[in-house]
Amino acid sequence: MAKKKEKRKQFKRKLLHQYRMVVLNEETFEERFSFKLTRLNVFVVGTLCSLVLIALTVIFIAFTPIREYIPGYSSTALKEKATLLTYKTDSLEHIISRNNMYLNSVRKVLTGDISGDEVNKDSLFEEFNVDKMEIDLDPIKEDSILREEVSREDKFNLFDSATSKVGFVPFTPVSGTISQGYNPKEKHYAVDVVVKEGTPIKSVADGTVIFAGWTTDTGYVMIIEHANSLLSVYKHNESLTKEQGELVKAGEVIATSGSTGELTTGPHLHFELWSDGYPMNPTNFIDFE
């Protein structure tokens with residue numbers, strides 16, 4: 001035990017033993033400055049300096065762009081791009097979903113597989129923005145008055161109701177004999193006008209071509225979107241003179257008549273007119289004779 005105590009005392013004396021550090025002029029040996037040191041002071045000061053240096057290094061690396069050069073750290077610019085791409089992807093998915101619903105509606109127009117009570121494209125798009133739980137379904141006074149007025153109107157007077165919606169006089173696309181008229185019961189939402197092959201087909205109004213292509217059943221088809229949510233459809237054409245996305249004027253030649261597609265019996269124009277997703281009888285607005 002005495003030896004252990006003696007060793008502890010010697011170790012303590014070594015730690016606390018004072019030394020003088022002197023800085024001299026090498027030529028004149030003049031003392032510039034001096035200060036007292038102990039092993040304990042040197043150890044404590046060295047440890048504190050090391051800790052401060054480590055802390056400063058960590059802070060410098062963690063809060064400056066230099067950390068990007070260390071393996072394992074991602075770039076700030078890369079994170080911003082990834083976040084931006086995530087938002088863009090979500091927006092594109094939303095747009096694609098809406099476009100798919102619209103294309104499905106157009107496809108139904110092409111095939112005629114649609115009934116008069118189906119919703120239109122605008123109502124489909126509104127489903128993305130309207131919270132059904134927030135809609136108040138209780139009838140209001142104005143709604144009751146409107147129902148009474150509608151019940152008193154002649155519901156078979158399609159010309160009067162459709163004219164107020166369309167709001168213009170359509171141009172005759174082609175003149176000829178109607179071989180098959182508008183018949184919703186047989187899902188024939190069009191009129192078939194018999195003409196010679198190669199007869200110019202004209203647009204009924206100003207608008208934009210939203211579809212111009214080939215289908216197996218109806219051959220070369222063109223669909224034009226006009227003002228007031230009006231669509232005009234031209235089927236069984238021999239050729240098309242306009243492409244999708246082009247603007248057309250009323251009376252401008254858009255195609256030539258023919259007998260293309262499997263569902264045809266000879267050269268004629270299969271013409272349809274749609275308003276807000278509902279089929280209309282073209283003979284109520286256009287004189288084909």
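Heads up: these notes are all about the structure in this document.

Cut-off values and rules
Residues numbered from 1 in each chain as written. Predicted model: local features only at pLDDT ≥ 70, side-chain atom pairs only at ≥ 80, totals over all residues. Heavy atoms only, no water. Helix = DSSP H or I, 4+ residues; strand = E, 2+ residues; numbered from the N terminus. Buried < 20%, exposed > 50% of the residue type's maximum accessible area, 1.4 Å probe, protein only. Contact = heavy atoms within 4.5 Å. Areas by Shrake-Rupley, 256 points an atom, 1.4 Å probe, with all protein chains shown as cover. Patch = residues over 30% accessible without salt bridge, like charges linked within 9 Å, V, L, I, M, F, W, Y side chains within 5 Å. Salt bridge = Lys/Arg side-chain N within 4 Å of Asp/Glu carboxyl O. Core = buried A, V, L, I, M, F, W, Y, C linked by side-chain atoms within 4.5 Å. Pairing = 2+ DSSP bridges. Lys, Arg positive; Asp, Glu negative; His and termini not counted. Charge placed at Lys NZ, Arg CZ, Asp CG, Glu CD. Phe/Tyr/Trp six-rings, centres within 6.5 Å; stacked < 30°, edge-to-face > 60°.

What to know about the overall build of the protein
Inference 1: Along its length, the protein carries six helices and 12 strands.
Inference 2: Split into buried and exposed, the 289 residues of the protein put 27% on the buried side.
Inference 3: Contacts in the protein between residues far apart in sequence, at least 24 positions, make up 58% of those at least 6 positions apart.
Inference 4: By element, 58% of the accessible surface of the protein is carried by carbon and sulfur atoms, the whole surface being about 20300 Å².

Observations regarding a nonpolar patch on the surface
Inference 1: On the surface, L16, L40, F43, V44, L48, L51, I54 and V58 cluster together into a nonpolar patch covering about 760 Å² of accessible area.
Inference 2: Mapped onto the fold, L40 is located in helix α2 (residues 39-62).

Re the nonpolar core
Inference 1: Formed by 34 residues in total, the largest nonpolar core has its most connected members in I201, I223, I224, Y234, I254 and F271.
Inference 2: Of all the elements in the fold, those that place two or more residues in this core are α3 (76-111), β4 (191-194), β6 (207-215), β7 (219-226), β8 (230-240), β10 (253-257) and β11 (268-275).

Concerning unusual backbone geometry
Inference 1: The phi dihedral of K187 falls on the positive side, at around 55 degrees, and the residue is not glycine.
Inference 2: Locating K187 in the fold gives a position in the loop between β3 (177-180) and β4.
Inference 3: For K187, a relative accessible area of 51% puts it in the exposed group.
Inference 4: One non-glycine residue with positive phi stands out, namely H236, at about 65 degrees.
Inference 5: Within the secondary structure, H236 sits in strand β8.

A few points about the pairing of β10
Inference 1: Most of β10 sits out of view: four of its five residues are buried.
Inference 2: Note that β8 and β10 share three bridges and pair antiparallel. In the sheet register, S239 faces β10, and the bridge partner there is T256.

Here we look at a positive patch on the surface
Inference 1: A cluster of like positive charges, contributed by K3, K4, K5, K7, R8 and K9, occupies part of the molecular surface.
Inference 2: By the element assignment, K5 lies in helix α1 (residues 2-16).

Examining the packing of aromatic side chains
Inference 1: Taken as a whole, this structure holds four aromatic pairs when the rule is applied.
Inference 2: With 5.0 Å between their ring centres and 75 degrees between their planes, W214 and Y220 make a pair best called edge-to-face.
Inference 3: Aromatic ring contacts, followed pair by pair, group Y234, F271 and F288 into a single cluster.

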